[in-house]
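What the coordinates show
Spelled out from the first residue to the last, the chains are:
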Amino acid sequence: MTPSIRAQDLTARMHAEHGPLLQGSALYQALGYNTYAAFHRARQRGEIGVHIFPIAGRRGIFALTEEVALWVIKQADLVEDGAVTDSQEKKEEQSAPHA
């Protein structure tokens with residue numbers, strides 16, 4: 001399946017399930033956070049990979065479903081290309097105690 005078709009498929013499935021906006025547990029779980037606390041810490045550090053925003057008169061933080069779906073596909077492509085794995089290995093090597 002080509003990346004474009006994968007992105008369209010994921011976007012359509014997420015849109016059917018959640019509508020045009022993600023919020024709450026659907027948002028933080030789609031971004032790979034297990035808890036709201038982890039999402040909140042990443043948000044405070046400016047490490048959320050998509051544009052998140054409040055809506056006047058509504059509680060919580062929102063993101064566009066399509067943008068989240070495209071971000072997820074991009075992350076998967078980075079892993080398949082080895083980009084994420086390589087950077088993780090470098091971090092592990094740097095943090096390992098030296099003999």
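What comes next concerns the included structure. Just so it is clear, the model here is predicted, and its values are computed rather than measured.

All right, on to the side chain of T65 then. Looking at the secondary structure, you find T65 in helix 4 (residues 65-81). Here the side chain of T65 touches G19 through a polar contact of 2.6 Å, landing on its backbone oxygen. Those residues in contact with T65 that lie beyond four places of it in its chain are M14, H15, G19, P20, L21 and L22.

A separate point is the nonpolar core. Across soluble globular proteins, nonpolar side chains have a tendency to be buried as a group. In terms of nonpolar packing, the biggest core is built from 19 residues, with L27, L31, Y33, F39, I48, I52 and V68 touching the most fellow members. Those residues in contact with L31 that sit more than four places away from it in its chain are F39, I48, V50, V68 and W71.

On to the packing of aromatic side chains. The final tally for this structure, using the stated rule, is three aromatic pairs. Consider the rings of Y28 and Y36, whose centres lie 6.3 Å apart with planes at 65°: the pair is edge-to-face. Of the aromatic side chains, those joined through ring pairs into one cluster are Y28, Y33, Y36 and F39.

A few words now on the environment of D9. Checked against the element boundaries, D9 lands in helix 1 (residues 3-18). The partly exposed category is assigned to D9, whose relative accessible area is 33%. Separated by 60 residues in sequence, D9 and A69 place their C-alpha atoms 9.3 Å apart.

Parameters and conventions
Residues numbered from 1 in each chain as written. Predicted model: local features only at pLDDT ≥ 70, side-chain atom pairs only at ≥ 80, totals over all residues. Heavy atoms only, no water. Helix = DSSP H or I, 4+ residues; strand = E, 2+ residues; numbered from the N terminus. Polar contact = N/O pair within 3.5 Å; in protein donor to acceptor, adjacent residues only side chain to side chain. Contact = heavy atoms within 4.5 Å. Core = buried A, V, L, I, M, F, W, Y, C linked by side-chain atoms within 4.5 Å. Buried < 20%, exposed > 50% of the residue type's maximum accessible area, 1.4 Å probe, protein only. Phe/Tyr/Trp six-rings, centres within 6.5 Å; stacked < 30°, edge-to-face > 60°.

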